[in-house]
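Structural features, examined
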Amino acid sequence: QQPVQSPQAVILREGEDAVINCSSSKALYSVHWYRQKHGEAPVFLMILLKGGEQKGHEKISASFNEKKQQSSLYLTASQLSYSGTYFCGTERNTGNQFYFGTGTSLTVIP
Amino acid sequence: DAGITQSPRYKITETGRQVTLMCHQTWSHSYMFWYRQDLGHGLRLIYYSAAADITDKGEVPDGYVVSRSKTENFPLTLESATRSQTSVYFCASNPGSYNEQFFGPGTRLTVL
(Lines give C-alpha, C1' and ligand atoms only; values in the text may rest on other atoms or scores of the structure.)
Protein backbone atom coordinates (compact mmCIF):
# COMPACT_ATOMS: atom_id res chain seq x y z
CA GLN A 1 0.00 0.00 0.00
CA GLN A 2 2.87 2.37 0.75
CA PRO A 3 4.31 4.30 -2.18
CA VAL A 4 7.83 3.20 -2.98
CA GLN A 5 10.61 5.77 -3.00
CA SER A 6 13.97 5.57 -4.69
CA PRO A 7 16.75 5.80 -3.94
CA GLN A 8 16.61 4.66 -0.31
CA ALA A 9 19.63 6.77 0.54
CA VAL A 10 21.86 9.28 -1.19
CA ILE A 11 24.97 11.23 -0.20
CA LEU A 12 25.74 14.50 -1.94
CA ARG A 13 28.42 17.12 -1.76
CA GLU A 14 27.29 20.70 -1.33
CA GLY A 15 26.19 22.14 -4.66
CA GLU A 16 25.26 18.82 -6.25
CA ASP A 17 21.79 17.95 -7.48
CA ALA A 18 19.53 15.04 -6.54
CA VAL A 19 16.25 13.49 -7.66
CA ILE A 20 13.97 11.47 -5.40
CA ASN A 21 11.25 9.38 -6.97
CA CYS A 22 7.91 8.23 -5.56
CA SER A 23 5.82 5.53 -7.25
CA SER A 24 2.44 4.10 -6.39
CA SER A 25 0.60 1.04 -7.64
CA LYS A 26 -2.70 2.83 -7.02
CA ALA A 27 -4.18 5.92 -8.63
CA LEU A 28 -3.15 9.15 -6.92
CA TYR A 29 -5.28 12.21 -6.21
CA SER A 30 -2.48 14.27 -4.75
CA VAL A 31 1.16 13.99 -3.77
CA HIS A 32 2.70 15.67 -0.74
CA TRP A 33 6.41 16.01 0.02
CA TYR A 34 7.82 16.32 3.55
CA ARG A 35 11.30 16.53 5.04
CA GLN A 36 12.15 15.16 8.47
CA LYS A 37 15.29 16.00 10.41
CA HIS A 38 16.59 13.47 12.90
CA GLY A 39 14.54 13.50 16.10
CA GLU A 40 12.01 15.98 14.74
CA ALA A 41 8.56 15.90 13.19
CA PRO A 42 8.07 15.90 9.42
CA VAL A 43 7.79 19.34 7.85
CA PHE A 44 5.70 20.06 4.79
CA LEU A 45 7.48 21.07 1.58
CA MET A 46 4.80 21.13 -1.09
CA ILE A 47 1.69 19.49 -2.47
CA LEU A 48 0.84 18.70 -6.08
CA LEU A 49 -2.81 18.33 -6.94
CA LYS A 50 -2.97 17.74 -10.66
CA GLY A 51 -1.26 15.45 -13.06
CA GLY A 52 1.49 17.29 -14.83
CA GLU A 53 1.70 19.94 -12.14
CA GLN A 54 5.13 21.19 -11.18
CA LYS A 55 5.97 23.35 -8.23
CA GLY A 56 9.02 25.04 -6.86
CA HIS A 57 10.16 25.97 -3.39
CA GLU A 58 13.47 27.82 -3.34
CA LYS A 59 15.83 25.31 -4.99
CA ILE A 60 13.49 22.39 -4.38
CA SER A 61 10.84 21.54 -6.94
CA ALA A 62 8.59 18.62 -7.77
CA SER A 63 6.55 17.14 -10.58
CA PHE A 64 3.54 14.84 -10.66
CA ASN A 65 2.83 12.42 -13.49
CA GLU A 66 -0.70 11.28 -12.79
CA LYS A 67 -0.83 8.71 -15.60
CA LYS A 68 2.32 7.02 -14.44
CA GLN A 69 1.29 7.41 -10.79
CA GLN A 70 4.67 8.91 -10.03
CA SER A 71 6.13 12.03 -8.52
CA SER A 72 9.69 13.28 -8.40
CA LEU A 73 11.38 15.76 -6.06
CA TYR A 74 14.28 17.76 -7.47
CA LEU A 75 16.92 19.31 -5.23
CA THR A 76 19.35 21.61 -7.01
CA ALA A 77 22.59 23.09 -5.73
CA SER A 78 22.13 21.22 -2.46
CA GLN A 79 22.95 22.87 0.86
CA LEU A 80 23.93 21.30 4.18
CA SER A 81 20.48 22.22 5.51
CA TYR A 82 18.86 19.89 2.96
CA SER A 83 20.04 16.82 4.90
CA GLY A 84 17.24 14.72 6.31
CA THR A 85 14.76 12.06 5.31
CA TYR A 86 12.32 12.92 2.55
CA PHE A 87 8.89 11.37 2.38
CA CYS A 88 6.26 11.52 -0.28
CA GLY A 89 2.67 11.14 0.85
CA THR A 90 -0.34 10.28 -1.23
CA GLU A 91 -4.09 10.60 -0.98
CA ARG A 92 -5.95 7.99 -2.95
CA ASN A 93 -9.47 9.32 -2.54
CA THR A 94 -11.31 12.18 -0.91
CA GLY A 95 -11.70 10.27 2.34
CA ASN A 96 -8.25 11.46 3.38
CA GLN A 97 -6.79 7.96 3.67
CA PHE A 98 -3.17 8.96 3.57
CA TYR A 99 -0.06 6.88 2.87
CA PHE A 100 3.52 7.94 3.31
CA GLY A 101 6.28 6.57 1.13
CA THR A 102 9.16 4.45 2.35
CA GLY A 103 11.46 7.45 2.75
CA THR A 104 14.77 8.60 1.25
CA SER A 105 17.67 9.53 3.49
CA LEU A 106 19.63 12.43 2.02
CA THR A 107 22.97 13.52 3.45
CA VAL A 108 24.77 16.60 2.19
CA ILE A 109 28.46 16.81 3.07
CA PRO A 110 30.82 19.78 2.72
CA ASP B 1 0.03 28.74 22.28
CA ALA B 2 -1.42 27.92 18.91
CA GLY B 3 -0.39 24.68 17.31
CA ILE B 4 -0.48 20.97 17.86
CA THR B 5 0.87 19.37 21.00
CA GLN B 6 1.38 15.80 22.18
CA SER B 7 1.76 14.40 25.65
CA PRO B 8 3.66 12.76 27.10
CA ARG B 9 6.77 13.26 24.99
CA TYR B 10 8.37 10.11 26.39
CA LYS B 11 6.73 7.10 27.97
CA ILE B 12 8.02 3.78 29.25
CA THR B 13 5.48 1.13 30.11
CA GLU B 14 5.22 -2.61 30.56
CA THR B 15 3.60 -5.26 28.42
CA GLY B 16 -0.11 -5.56 29.10
CA ARG B 17 -0.63 -2.07 30.52
CA GLN B 18 -3.02 0.45 29.07
CA VAL B 19 -1.45 3.62 27.72
CA THR B 20 -3.09 6.76 26.36
CA LEU B 21 -1.27 9.25 24.17
CA MET B 22 -2.80 12.69 23.95
CA CYS B 23 -3.01 15.04 21.00
CA HIS B 24 -4.39 18.57 21.09
CA GLN B 25 -4.66 21.17 18.31
CA THR B 26 -5.78 24.78 18.51
CA TRP B 27 -6.60 25.45 14.85
CA SER B 28 -10.02 23.76 14.83
CA HIS B 29 -8.84 21.57 11.96
CA SER B 30 -11.41 19.02 10.88
CA TYR B 31 -9.00 16.18 10.25
CA MET B 32 -6.65 14.57 12.72
CA PHE B 33 -4.31 11.63 12.24
CA TRP B 34 -2.20 9.21 14.24
CA TYR B 35 0.96 7.72 12.73
CA ARG B 36 3.62 5.43 14.04
CA GLN B 37 7.17 5.62 12.81
CA ASP B 38 9.52 2.65 12.88
CA LEU B 39 12.89 2.12 11.27
CA GLY B 40 12.42 0.47 7.90
CA HIS B 41 8.71 1.27 7.70
CA GLY B 42 8.59 5.03 7.61
CA LEU B 43 5.33 6.62 8.78
CA ARG B 44 2.25 4.42 8.86
CA LEU B 45 -1.30 5.64 9.45
CA ILE B 46 -3.01 4.08 12.48
CA TYR B 47 -6.33 5.96 12.63
CA TYR B 48 -7.72 9.20 11.34
CA SER B 49 -10.72 11.35 12.07
CA ALA B 50 -12.69 13.61 9.75
CA ALA B 51 -14.57 15.41 12.54
CA ALA B 52 -15.71 14.96 16.11
CA ASP B 53 -17.26 11.52 16.59
CA ILE B 54 -16.06 10.34 13.14
CA THR B 55 -13.05 8.05 13.07
CA ASP B 56 -11.73 5.50 10.61
CA LYS B 57 -9.01 2.89 10.45
CA GLY B 58 -5.75 3.45 8.70
CA GLU B 59 -3.11 1.01 7.61
CA VAL B 60 -2.16 -0.49 11.02
CA PRO B 61 -5.10 -0.11 13.47
CA ASP B 62 -4.84 -3.41 15.37
CA GLY B 63 -4.20 -2.97 19.09
CA TYR B 64 -5.20 0.70 19.11
CA VAL B 65 -8.38 2.57 20.01
CA VAL B 66 -9.20 6.22 19.30
CA SER B 67 -11.95 8.61 20.22
CA ARG B 68 -12.76 12.18 19.30
CA SER B 69 -15.42 13.76 21.44
CA LYS B 70 -14.08 17.29 20.82
CA THR B 71 -12.65 18.73 17.62
CA GLU B 72 -9.38 19.73 19.28
CA ASN B 73 -8.51 16.42 20.96
CA PHE B 74 -7.69 13.03 19.47
CA PRO B 75 -6.36 10.57 22.08
CA LEU B 76 -4.82 7.24 21.08
CA THR B 77 -5.12 4.32 23.51
CA LEU B 78 -3.15 1.12 23.56
CA GLU B 79 -5.48 -1.11 25.55
CA SER B 80 -2.89 -3.79 26.30
CA ALA B 81 0.55 -2.67 25.20
CA THR B 82 2.88 -5.10 23.44
CA ARG B 83 6.60 -4.82 22.68
CA SER B 84 5.82 -4.50 18.98
CA GLN B 85 4.09 -1.19 19.77
CA THR B 86 7.40 0.36 20.81
CA SER B 87 7.65 3.24 18.38
CA VAL B 88 7.53 6.98 17.87
CA TYR B 89 3.96 8.20 17.54
CA PHE B 90 3.07 11.36 15.64
CA CYS B 91 -0.22 13.16 15.66
CA ALA B 92 -1.12 15.46 12.77
CA SER B 93 -3.99 17.66 11.67
CA ASN B 94 -5.21 19.50 8.59
CA PRO B 95 -8.34 21.40 7.55
CA GLY B 96 -9.29 18.86 4.87
CA SER B 97 -8.24 16.80 1.89
CA TYR B 98 -5.46 18.12 -0.32
CA ASN B 99 -4.02 20.25 2.46
CA GLU B 100 -0.73 20.27 4.28
CA GLN B 101 -0.58 18.13 7.40
CA PHE B 102 0.77 19.79 10.54
CA PHE B 103 2.61 17.43 12.85
CA GLY B 104 2.99 17.39 16.60
CA PRO B 105 6.45 16.86 18.14
CA GLY B 106 5.93 13.12 18.63
CA THR B 107 5.77 10.72 21.58
CA ARG B 108 8.50 8.13 22.01
CA LEU B 109 6.91 5.04 23.55
CA THR B 110 8.87 2.11 24.88
CA VAL B 111 7.08 -1.08 25.92
CA LEU B 112 9.20 -3.38 28.09
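Above this text is the structure in question.
What comes next is a walk through the structure. Bear in mind the structure is a predicted one, so any value in this text is a computation, not a measurement.

A short note on the interface of chain A and chain B
Taken together, the contact pairs 22 residues of chain A with 24 residues of chain B. Between chain A and chain B the total buried area reaches about 1800 Å² when both faces are included, carbon and sulfur atoms providing 55% of it. The interface formed by chain A and chain B holds zero salt bridges in total. Run the count over chain A and chain B and you get two residue pairs in polar contact (both at pLDDT 80 or more). At the level of secondary structure, the elements contributing two or more residues to the side of chain A that touches chain B comprise β4 (30–36), β5 (43–48), β9 (84–91) and β10 (98–100) of chain A.

Points about the pattern of salt bridges
Side chains that differ in charge, positive against negative, can pair when their charged atoms come close. All names here are of chain B. Following the criterion strictly, the structure yields three salt bridges over all chains and no others. Among the salt bridges present, the one from Glu-14 reaches Arg-17, with a minimum N-O distance of 3.5 Å. Judged by relative accessible area, Glu-14 falls into the partly exposed class, the value being 45%. Arg-36 is the salt-bridge partner of Asp-38, the closest N and O atoms lying 2.8 Å from each other. Residue class for Arg-36 comes out buried when judged on its relative accessible area of 8%.

Rules used throughout
All residue numbers refer to position in the chain's written sequence, counted from 1. Key to labels: chains lettered from A, ligands numbered from 1, both in the order written. Reporting of local features is limited, given that this is a predicted model, to residues whose pLDDT is at least 70; pairs of side-chain atoms are given and counted only at 80 or more, and all residues count toward the totals for whole chains, interfaces and linings. The side-chain numbers reported here are obtained from all heavy atoms of the structure, hydrogens and water having been left aside. Contacts: residue pairs with any heavy atoms within 4.5 Å of one another. Buried area is calculated as the accessible area (1.4 Å probe) missing from two parts once they are joined, with the contributions of both summed. Within this document, salt bridges are pairs made up of a side-chain nitrogen of Lys or Arg and a carboxyl oxygen of Asp or Glu, the two lying within 4 Å of each other. Definition of a polar contact: a pair of N or O atoms within 3.5 Å, with one able to donate and the other able to accept a hydrogen when the atoms are protein atoms, and with sequence-neighbouring residues admitted only if both atoms are side-chain atoms. Helix and strand assignments come from DSSP, with helices taken as H or I runs of at least 4 residues and strands as E runs of at least 2, each series counted from the N terminus. Each residue is placed in one exposure class: buried if its accessible area under a 1.4 Å probe, protein chains only, is under 20% of its type's maximum, exposed if it is over 50%, and partly exposed if it falls in between.

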